[in-house]
Each structure stands twice: as structure tokens, then as C-alpha cells.
Amino acid sequence: GELDLEVPAVARERRLLELDQSLWTYLGSLPPSEVPQADITRAPVIAKGEDMSPEDRQKSAHIEDSDERAVANLGGGAPNRWGMGDSYHKEKMAQKRFSWDTPGSKLKDHPLYPSVCLLALREVINTRLFSTVRDSLGLSYDCSFELSLLDRLE
């Protein structure tokens, strides 16, 4: 096999600086794009399910495969990583008198408190989903529930 020689830290650092300089030189040599750029100033709009027809709320697709499989994707509004939602989410949470405030908690003022609560909720949902789908119904080898904790909504 090849000799495994350890590269001295100084040589490694010099090579990284050369690579960094080459990268910025290359990026600086690219002409501006002629393609219209995406508008990233608008916040995403989350459709209200109750305003949609039943057909628009549910979509199905059949894909040929060697094994029978089922995939379900559920979508809906949720707060971002910091516990803030879009205007629809805020309106619904106000109607339900929901608050992240937990009396007596030493952790509730931490900026990631809502995020950790949502991750804990995800684990509870995953456990219940797996228990129901696999253990009770015997339908799957694996199932999971994921949250997209975006950094920003509005």
C-alpha cells in the first residue's frame, strides 16, 4: 500500500490557504448570471387546509416497485426554530391561547426552548407512530415523523 505520511500542520495550513485563494479567484472570474434571480424577500405562504377542496388536500401516486410500500407526507403550518410562526399560525395559537411560557421554568427564556420542545414532541410522535403502524398494524419495517424547523418564516 501507499505510505501513510503525516503532513505537518504548517504545510496543511499553507495548502488550505492556497485552496481558499484559488477558490476566491475562480469565483471572482465568473461572469454575472443572465438568469433572473429568485425573489427571496417574500415569506412562504402556507395554504389553509379548510380553504382547499378535499381533492386538493390529498394527492396519490403509484410507482412500480419490487416490494409493496406506502409513503405518507403530511404538511401544515408549524413554528420555526425560534417558536415563531407565520400570521396564520400566530392567529390560530392566539385563538387557542397557546404560549411557550412555562411558569417556574428556568429554561423557558433560552432562545432554543421552543425548538427543543418541538424535537421532544417529534420523538413522542415517532414512538407512537412506530408503535401503531408496525407493532399494532404490522404494516411497516420503518416509519418516521419529521419536522422542518426553518430558521425564518417572515
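Residues numbered from 1 in each chain as written. Predicted model: local features only at pLDDT ≥ 70, side-chain atom pairs only at ≥ 80, totals over all residues. Heavy atoms only, no water.

## Some details on the overall build of the protein chain
Note the cut-off: Strands are runs of DSSP state E lasting at least 2 residues, helices are runs of H or I lasting at least 4, and numbering of each runs from the N terminus. By definition in these notes, contact holds between two residues if any of their heavy atoms fall within 4.5 Å. Only the protein chains shown count as cover for residues, and the accessible areas themselves come from Shrake-Rupley with a 1.4 Å probe.
The helix and strand inventory of the protein chain stands at four helices and zero strands. Ordered by position from the N terminus, the helices and strands of the protein chain form the series α-α-α-α. Taking all contacts inside the protein chain whose residues are at least 6 apart in sequence as the whole, residues at least 24 apart take part in 57%. Of the roughly 14000 Å² of accessible surface on the protein chain, 56% is carried by carbon and sulfur atoms.

## Here we look at the packing of aromatic side chains
Formally: Any pair of Phe, Tyr and Trp rings, taking the six-membered ring for Trp, is counted once the centres come within 6.5 Å. Such a pair is stacked with planes under 30 degrees apart, edge-to-face with planes over 60 apart, and tilted for the rest. When a residue's accessible area, from a 1.4 Å probe over protein chains only, is under 20% of the maximum for its type it is buried; when over 50% it is exposed; and in between it is partly exposed.
Scanning all chains against the criterion turns up one aromatic pair. Ring centres of Phe-98 and Trp-100 lie 5.0 Å apart, and the angle between their planes is 85°; this geometry places the pair in the edge-to-face category. Given a relative accessible area of 23%, Trp-100 falls into the partly exposed group.

## Examining the side chain of His-89
Checked against the element boundaries, His-89 lands in helix H3 (residues 87-95). On the basis of relative accessibility, which here comes to 13%, the residue His-89 falls in the buried class. Once residues within four sequence positions are removed from consideration, His-89 is found in contact with Ala-78 and Pro-79.

## Concerning the pattern of salt bridges
What counts here: Salt bridge, as applied in this entry: a Lys or Arg side-chain nitrogen positioned within 4 Å of an Asp or Glu carboxyl oxygen.
Counted according to the given criterion, the structure contains six salt bridges. The salt bridge partner of Asp-109 is Lys-108, with a shortest N-O separation of 3.9 Å. On the basis of relative accessible area, Asp-109 is assigned to the exposed category, the value being 67%. Notably, a salt bridge pairs Glu-123 with Arg-122, separated by 3.3 Å at the nearest N-O pair. Relative accessible area serves as the criterion here: at 41%, Glu-123 is assigned to the partly exposed category.

## Comments concerning the environment of Leu-150
Mapped onto the fold, Leu-150 is located in the segment after helix H4 (113-136). Residues Leu-150 and Ala-78 lie 72 residues apart in sequence; the distance between their C-alpha atoms is 9.3 Å.

## What about the confidence of the model for the protein chain?
What counts is decided by this rule: The predictor reports its confidence for every residue as pLDDT, a score running from 0 up to 100.
Residues with a pLDDT of 70 or more make up 90% of the protein chain, whose mean pLDDT is 79. Model confidence for the protein chain, summarised as mean pLDDT per element, is weakest for helix H2 (residues 54-57) at 78 and strongest for H4 at 87.

## Focus: H4
Defined as follows: Here the expected span of a helix is defined as 1.5 Å times the quantity of residues minus one.
Compared with an ideal rise of 1.5 Å per residue, which puts 24 residues at 34 Å, H4 spans 33 Å between its outermost C-alpha atoms and is within 8% of the ideal. Looking at H4, one finds that the buried residues are Tyr-113, Pro-114, Ser-115, Leu-118 and Asn-126. Just downstream of H4, Gly-138 is the residue with a positive phi angle, here 60°.

## Focus on unusual backbone geometry
At Arg-97, a position not held by glycine, the phi torsion is positive, near 55°. Checked against the element boundaries, Arg-97 lands in the loop between H3 and H4. Classification of Arg-97 as exposed rests on a relative accessible area of 75%.

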